[in-house]
Amino acid sequence: MSAPPAWAQDPVHLVVKDHHFSPDHFTVPAGTRFLIMLDNQDDTTDEFESYDLKFEKIVVPGTTITVHAGPLHPGTYKFFDDYHPDQATGTVTVTQEP
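Calculation rules
Residues numbered from 1 in each chain as written. Predicted model: local features only at pLDDT ≥ 70, side-chain atom pairs only at ≥ 80, totals over all residues. Heavy atoms only, no water. Buried < 20%, exposed > 50% of the residue type's maximum accessible area, 1.4 Å probe, protein only. Helix = DSSP H or I, 4+ residues; strand = E, 2+ residues; numbered from the N terminus. Pairing = 2+ DSSP bridges. Phe/Tyr/Trp six-rings, centres within 6.5 Å; stacked < 30°, edge-to-face > 60°.

1. Description of the pairing of strand 2 (residues 12-17)
So, step 1. Burial along strand 2 is one-sided: Val12, Leu14 and Val16 are buried, and none of His13, Val15 and Lys17, which face the opposite way, are.
So, step 2. As paired elements, strand 2 and strand 5 (residues 32-40) share five bridges and run parallel to each other. From the neighbouring strand, Val12 faces strand 5, where its bridge partner is Ile36.
So, step 3. Counted along the chain from strand 2 to the antiparallel partner strand 3 (residues 20-22), the turn is two residues long, and its residue Asp18 has a positive phi close to 55 degrees.

2. Examining the packing of aromatic side chains
So, step 1. Within the structure shown, the criterion is met by seven aromatic pairs.
So, step 2. Ring centres of Phe21 and Phe48 lie 5.6 Å apart, and the angle between their planes is 55 degrees; this geometry places the pair in the tilted category. Of the two residues, Phe21 is situated in strand 3 and Phe48 in strand 6 (residues 46-50); the sequence distance between them amounts to 27 residues.
So, step 3. A residue is classified by how much of its surface remains accessible, and Phe21, at 7% relative accessible area, is buried.
So, step 4. Summarising the aromatic geometry, the rings of Phe21 and Phe79 are spaced 5.1 Å apart at their centres and angled 75 degrees between planes, so their arrangement reads as edge-to-face. Of this pair, Phe21 sits in strand 3 while Phe79 is found in strand 9 (residues 75-81), placing the two residues 58 residues apart along the sequence.

Functional significance is not addressed by these values, which are geometric in nature.
Following this line, the structure appears as structure tokens:
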């Protein structure tokens, strides 16, 4: 029986403000589960979504949501705000640990 995937040590903290993610790129190791915590500092509701990471979450102004993701294979994965897809975009790079 194989062990379940390990969790990354710390959550990834993102902010959406003025319809842009900060940071708009982060890196995680392959084969681990990780948490993304998104703080909505916009005056409007946003929809944090990723086809690649298979999540879709509504985040109202002034709140923080948590998304569970992974484990993933090495590569680049996109995320975006579905309500502002031309402005709020970002990527996750998954790297193979040496």
